[in-house]
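# Fold and geometry: a report
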Amino acid sequence: MLDDAGFVSTCNATNFFFVRGGRVCTSTGLACFAGITRSKVIALCERHGLPLICADSPPQALAEAEEAFVTGTFGGITPVRRIDGRPLPMRGPLTARLASLYAALIDTA
């Protein structure tokens, strides 16, 4: 999940997001897939006023993650259940909100 500089970036076939301090966080996008689902989630955050940070995050930032999810073509928005063995909610409030917004978006396509 780390890029060549050691920052949290991506998974092997999906893009990674986490929620910390009530904000959706993801990488800058320099070392991850230029995924359609990733870009849709970022656009949904912007369109619906959900706090979003696209920045380099050290792995230690994940110790404070309240929620996490991955995005991909087949899975859409899929919650992450554990980070380094630490359990996370099945679907936290921001993950649930984004999943609902994303489902509505693809239903209109």
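Given the structure is predicted, the values throughout are model-derived calculations rather than measurements. What you see as residue numbers is a count from 1 along each chain, following the sequence as written. Local features in a predicted model are, by the rule used here, given only for residues with pLDDT of at least 70; side-chain atom pairs are given and counted only at 80 or more, and totals for whole chains, interfaces and linings are based on all residues. Only heavy atoms go into the side-chain values, all of them from the structure, while hydrogens and water stay out.

## Description of the state of the cysteines
For clarity, the cut-off: In what follows, a disulfide is any cysteine sulfur pair within 2.5 Å. To sort residues, take the accessible area from a 1.4 Å probe on protein chains only and compare it with the maximum for the residue type: under 20% means buried, over 50% means exposed, and anything in between is partly exposed.
This model, assessed by the stated rule, comprises zero disulfides. C45 takes part in no disulfide bond, and the closest cysteine sulfur to it belongs to C54, at a distance of 8.2 Å. For C45, a relative accessible area of 0% translates into the label buried. Here C54 falls in the partly exposed class, since its relative accessible area comes to 37%.

## Side note on the packing of aromatic side chains
Two aromatic rings are characterised by how far apart their centres lie and by the angle between their planes. For the record, the criterion: Aromatic rings from Phe, Tyr and Trp, taking only the six-membered ring of Trp, are treated as a pair when their centres fall within 6.5 Å; an angle between ring planes under 30 degrees marks them as stacked, one over 60 as edge-to-face, and anything in between as tilted. Note on conventions: DSSP H or I runs of at least 4 residues are helices, E runs of at least 2 residues are strands, and numbering of each starts at the N terminus.
Per the counting criterion, the structure on display carries two aromatic pairs. Between F17 and F69, the ring centres sit 4.9 Å apart and the planes meet at 5°, which makes this aromatic pair stacked. Taken as a pair, F17 in strand β1 (residues 15-20) and F69 in strand β4 (residues 67-72) lie far apart in primary sequence, 52 residues in all. Assigned by exposure class, F17 and F69 land together as buried.

The values are spatial; any link to function lies outside them.
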